[in-house]
Amino acid sequence: GSSKYDISQAYLANNLDSIYFGMERSGNNGTTAFDFEFNQLEPGALSSCPQSSEVPCRSVGDVLFTFEMQGSGNTGAATPHVYTWNGSSYVEGAASGIVSSINSSLTTAGAPWGHVDSHGNWILGDMERFTFAEAVAPLSLLPGASSCGGKVFVQVRTRSSATANSDLKDTTKVFQFWYNNVGAQATLAPSCGGGVSYAVVATKADGTPLTNPTCQWTFSSGDTSSSCSGTLSVGPGTYT
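Residues numbered from 1 in each chain as written. Predicted model: local features only at pLDDT ≥ 70, side-chain atom pairs only at ≥ 80, totals over all residues. Heavy atoms only, no water.

Some words on the sheet that holds strand E2 (residues 18–25)
Paired through their backbone hydrogen bonds, the strands of a sheet run either parallel or antiparallel. Our working rule: Strand pairing follows a simple DSSP-based rule, namely that at least 2 bridges must link the two strands. Comment: elements are numbered from the N terminus, with helices defined as DSSP H or I runs of at least four residues and strands as E runs of at least two. Between the N-to-C directions of two axes lies an angle of 0 to 180 degrees, each axis being a line fitted to C-alpha atoms and, for a helix, fitted only over the stretch in contact.
Spatial ordering of the open sheet is given by E1-E2-E12-E7, a layout of 4 strands whose pairing is antiparallel. Where the open sheet ends on each side, the last strands, each with one partner, are strand E1 (7–14) and strand E7 (99–102). Sheet twist, expressed as the mean angle between neighbouring strand axes with direction ignored, is 10°. Here 7 bridges tie E1 to E2, and the two strands are oriented antiparallel to one another. Looking across to E2, one finds that Gln9 is bridged to Glu24.

Quick look at the side chain of Glu37
Stated precisely, the cut-off is as follows: Here a polar contact is taken to be a pair of N or O atoms separated by no more than 3.5 Å, where protein atoms must pair a possible hydrogen donor with a possible acceptor and residues adjacent in sequence count only if both atoms sit in side chains. Two residues form a contact once any of their heavy atoms are found within 4.5 Å.
Within the element layout of this structure, Glu37 appears in strand E3 (residues 30–39). A polar side-chain atom of Glu37 sits 2.7 Å from a polar atom in the side chain of Arg58. Residues in contact with Glu37, not counting those within four places in the same chain, are Pro56, Arg58, Val63, Leu64, Tyr90, Phe153, Val154, Gln155 and Arg157.

Considering the pairing of strand E16 (residues 183–191)
Pairing of E16 with strand E17 (residues 195–203), which is carried by 9 bridges, proceeds in the antiparallel orientation. Residue Thr187 lies in a different strand from E17, and its bridge partner there is Ala199. Taking the residues between adjacent antiparallel strands as the criterion, E16 and E17 are bridged by 3 residues, where Gly194 takes a positive phi near 100°.

Description of the state of the cysteines
Formally: By disulfide we mean two sulfur atoms from cysteines, separated by a distance within 2.5 Å. Any residue under 20% of the maximum accessible area for its type is buried, any over 50% is exposed, and the rest in between are partly exposed; the area is computed with a 1.4 Å probe on protein chains only.
Going through the model one piece at a time under the given rule, you end up with 2 disulfides. Between the sulfur of Cys49 and that of Cys57 lies a disulfide, 2.1 Å long from S to S. Across the S-S bond linking Cys49 and Cys57, the dihedral sits near 65°, which makes this disulfide right-handed. Pair check on accessibility: Cys49 and Cys57 agree, each one buried. For Cys215, the disulfide goes to Cys228, at an S-S distance of 2.0 Å. Between Cys215 and Cys228, the disulfide has an S-S torsion of 90° and is therefore right-handed. Separated by 13 residues along the polypeptide, Cys215 in the loop between E17 and strand E18 (217–218) and Cys228 in the loop between strand E19 (224–225) and strand E20 (229–232) bring together distant segments of the chain. With relative accessibility at 8%, the residue Cys215 sits in the buried group.

What follows is the structure, encoded as C-alpha cells:
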C-alpha cells in the first residue's frame, strides 16, 4: 500500500494521570488509522488465544485507541476513537477527555535523531505536514492502570481507516509497557530509647522523592501505624 500506512516511529509515555501518544507515518496524503491496543494478558496467556508472541491475547476490559489521521491539501485531523473488549468484540465508547492533533505546519521540527520521509529515506530537519500526530488521554481509561503502577501488553498497528473491516497495513510486535510506578523502601532499626524506629522512603519512577506518601505499617508485635516514620516502643526481641 501507500507509504502513508507505514509506522515510521511511535511513542508512548505516561505520568500519574495521563497517557501520551505520538505517531509518525511516512506518507501524508490520505487517511490512516493508528491503533494502540492495550491488553491485560500477554500473548498466548490463554489456551483460547493464538499461541504467538505477535498476536494479542484479549480479555474483558482491554482497550483499543484508534487515531484516524487525515491529511490532504491544507487540511488534516487526528480523530480519536476508544473501544473496550466485551469478550467477543470491541464496543466503541465516548472519547471524553482525549485531546489529539496533527501537524498542519510545513515547519514542524522532527526529532533530533531524524525521521523517515515519504520516499523511505532517513532524514533530519522539518517533517512533512500531516505525518505526525499526538494525543493525550486520561490514564483511568486503561485496564489495570493507576498512579501506583501496573503493566499492559501493547501492539501498535495501522489500518486503511477506522472502520472495523478496514485492511491491516503495518504492525509492531506486542511489547510490555509499565505504567509510571512508585517505589518504596522500608527500614526497621533498634532505637537507643528502647524500641524500634521505622521509616519509609518513597520515590517516583524517575527517582525523585514522592511527597506526602500514604503509609500503613503492621508490626509482628500486633501494633499498627499510619505514619511514614516514627518509633515503636516494645521490649527486647526480634520484630518485622
